[in-house]
Amino acid sequence: MMIIGNFRKVGGDYVGKVETLLFTIQAALEAVSSKPSDKSPDFRVLTGDREIGAAWKKTSKDGKEFLSVLIEDPTISINCALFETEAGNHVLTYSRERN
């Protein structure tokens, strides 16, 4: 697992930076106030005024809450997860699926 971003919680949203080999962006996970269905995202992922993904609230097998995040670009899609650290920060992690 690698950390590709660091975020801080601001009210009900998250603000931070995503860094990969292909790009570095300032990003925000903005809470969705009214979801049309249970499967709709809980957060929109934004950079500036451009929506680049979505995030859903999840709970791990050991009971930890996290966000399952999908960042999309015409050249790549990244499935990652936002976890709270013991220090109260939030890290965006990526794990490549192994075959």
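Let me begin by describing the structure that accompanies this report. (Residues numbered from 1 in each chain as written. Predicted model: local features only at pLDDT ≥ 70, side-chain atom pairs only at ≥ 80, totals over all residues. Heavy atoms only, no water.)

Here we take up the sheet that holds strand β5 (residues 50-59). Reading around the circumference, β1-β2-β3-β4-β5-β6-β7-β8 is the order of the eight strands in this closed barrel, with antiparallel pairing throughout. The average undirected angle you get between the axes of adjacent strands in this sheet is 30°. Strand direction decides the pairing type here: strand β7 (residues 76-84) and strand β8 (residues 90-94), joined by four bridges, are antiparallel. Pairing of Phe 83 across the sheet is with Val 91, part of β8. (Pairing = 2+ DSSP bridges. Helix = DSSP H or I, 4+ residues; strand = E, 2+ residues; numbered from the N terminus. Axes fitted to C-alpha atoms, helices over the stretch in contact; angles between N-to-C directions.)

With that out of the way, let us pick up the environment of Arg 8. Note that Arg 8 resides in strand β1 (residues 2-10). Considered as a pair, Arg 8 and Ile 76 are 68 residues apart in the sequence and their alpha carbons are 25 Å apart. Excluding residues that lie within four positions of it along the chain, Arg 8 makes contacts with Asp 13, Tyr 14 and Val 15. (Contact = heavy atoms within 4.5 Å.)

Judged from the four bridges that link them, strand β3 (residues 24-31) and strand β4 (residues 43-47) form a sheet pairing that is antiparallel. From the neighbouring strand, Ala 28 faces β4, where its bridge partner is Leu 46. Pairing between β4 and β5: five bridges, direction antiparallel. Note on β5: the bridge partner recorded for Leu 46 is Glu 51. Between β4 and β5, which follow one another and run antiparallel, lie two residues, and Gly 48 among them has a positive phi close to 60°.

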